[in-house]
Amino acid sequence: MSKNLKNINNELKNILSKDRYEHTQGVASTAICLAMRYEYDLEKAEVAGLLHDCAKCMPDDKKLKKCRKHNILITETEINSPYLLHAKLGAFYAMHKYGITDMDIVNAILVHTTGAPDMTLLEKIIYVADYIEPNRKEAPNLNEIRKMAFVDIDMAVYMIMKDTLEYLSKKKGSIDKMTTKAYEYYSNIIENREVKK
Ligand code: DGI
Ligand code: FE
Ligand code: FE
């Protein structure tokens, strides 16, 4: 890792709002706990947690501008909901601004908002930690999902995707293809499991 944790932390303190910085600390420590549970590299989980929202605190038009500048593909849904781009842009900054060369970390940042089919363990850890970290207060079924995260991470991923899609359909938000594909993948896993039992 070319920049140490302290440098990353100091830089994040400068560019993130207070709440976002605290959220980021919560995701990093929750990711460490999940890494302990699922026997993953603790420092990689921490770095991915710290950096996952590093591109969050800028206006939406700037996100679009930066993505165009760096040739990052923008989907139709992202044009309607440019906040989604903080994941792709965050993965780009992790590599080019924070010197992260480990693609496990970069990919975990890349898919942290929509999820993806067949995620790696670190991708699942960050996806789940983002949703359950201690500063989150309002999501439905939070207590149940927090417990499930430490029992069966695929089930926790599925529960989060289900609740997120429900929330988005109520809000009438446009749904990214990746969000749909990810949900189909994990609902299949869970359903097939239940048939087998
Ligand atoms: O950046 P955070 O707020 O910590 O969390 P996040 O990056 O997981 O973003 C969460 C939001 O993203 C949440 O309100 C649901 C939304 N989201 C997830 N998938 C989609 C989506 N929004 C739209 N419009 N379309 C999606 O496919
Ligand atoms: Fe995010
Ligand atoms: Fe987040």
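Right above here is the structure, for reference.
Residues numbered from 1 in each chain as written. Chains lettered and ligands numbered in written order. Predicted model: local features only at pLDDT ≥ 70, side-chain atom pairs only at ≥ 80, totals over all residues. Heavy atoms only, no water.

Student: How would you explain the coordination of the iron ion (ligand 2) if you had to name every residue and give the values?
Tutor: The iron ion (ligand 2) binds to the protein through Asp 53 (OD), His 86 (NE2) and His 112 (NE2), with metal-donor distances spanning 2.1 to 2.2 Å. Sequence spacing of the donor residues for the iron ion (ligand 2), all on one chain, is D-x32-H-x25-H. A separation of 3.5 Å is found between the iron ion (ligand 2) and the iron ion (ligand 3), which are bridged by Asp 53. Residue His 86 is located in helix 6 (residues 85-96), and its partner His 112 is located in the loop between helix 7 (103-110) and helix 8 (121-132); the two are separated by 26 residues in the primary sequence. Accessibility assignment for this pair places His 86 and His 112 in one class, buried. (Donors = N, O, S within 2.8 Å, 3.2 Å for Na, K, Ca; no water. Helix = DSSP H or I, 4+ residues; strand = E, 2+ residues; numbered from the N terminus. Buried < 20%, exposed > 50% of the residue type's maximum accessible area, 1.4 Å probe, protein only.)

Student: Quick one: what's the story with helix 3 (residues 42-51), residue by residue and with numbers?
Tutor: For helix 3, a buried count of 7 out of 10 residues is recorded, marking the element as mostly surrounded by other parts of the structure. Contacts made by the buried residues of helix 3 are with helix 1 (5-15), helix 2 (18-37), helix 6, helix 7 and helix 8. The opening residue of helix 3 is Asp 41, an N-cap whose side-chain oxygen sits 3.0 Å from the backbone nitrogen of Glu 43. (Contact = heavy atoms within 4.5 Å. Polar contact = N/O pair within 3.5 Å; in protein donor to acceptor, adjacent residues only side chain to side chain.)

Student: Could you give an account of helix 1, naming the residues involved and the relevant values?
Tutor: Three or more residues of helix 1 are buried, namely Ile 8, Asn 9 and Leu 12. With its buried residues spanning 100 degrees around the axis, helix 1 presents them on a single face. Turned more than 90 degrees off the buried face of helix 1, the exposed positions are Lys 6, Lys 13 and Asn 14. Residues of helix 1 that are buried in the fold lie against helix 2 and helix 3. (Arc of directions from axis to C-beta.)

Student: Describe in detail the coordination of the iron ion (ligand 3), supporting the description with residues and values.
Tutor: For the iron ion (ligand 3), the full set of protein donor atoms is His 23 (NE2), His 52 (NE2), Asp 53 (OD) and Asp 130 (OD), at a range of 2.2 to 2.3 Å. Considered as a linear motif, the donors of the iron ion (ligand 3) on their single chain read H-x28-H-D-x76-D.

Student: Please set out the side chain of Thr 77 residue by residue, giving values where relevant.
Tutor: Positionally, Thr 77 belongs in helix 5 (residues 76-80). Residues within four places of Thr 77 in sequence aside, it is in contact with Leu 84, Ser 174, Ile 175 and Asp 176.

Student: Residue-level account of the packing of aromatic side chains, with values.
Tutor: The full count for this structure, using the stated rule, is 3 aromatic pairs. Here the aromatic rings of Phe 92 and Tyr 93 are separated by 6.1 Å at their centres, their planes lie at 65 degrees, and the arrangement is edge-to-face. Like Tyr 93, Phe 92 is buried. When the ring centre of Tyr 93 is taken as reference, the NZ or CZ atom of Lys 97 above it lies at 5.3 Å. (Phe/Tyr/Trp six-rings, centres within 6.5 Å; stacked < 30°, edge-to-face > 60°. Lys NZ or Arg CZ within 6 Å of the ring centre and 35° of its normal.)

Student: Provide a residue-level description of the side chain of Arg 20, including the pertinent values.
Tutor: In this structure, Arg 20 sits in helix 2. A distance of 2.8 Å separates polar atoms of two side chains, one belonging to Arg 20 and the other to Asp 53. The residues contacting Arg 20, other than those within four sequence positions of it, are Asp 53, Lys 56 and Cys 57.

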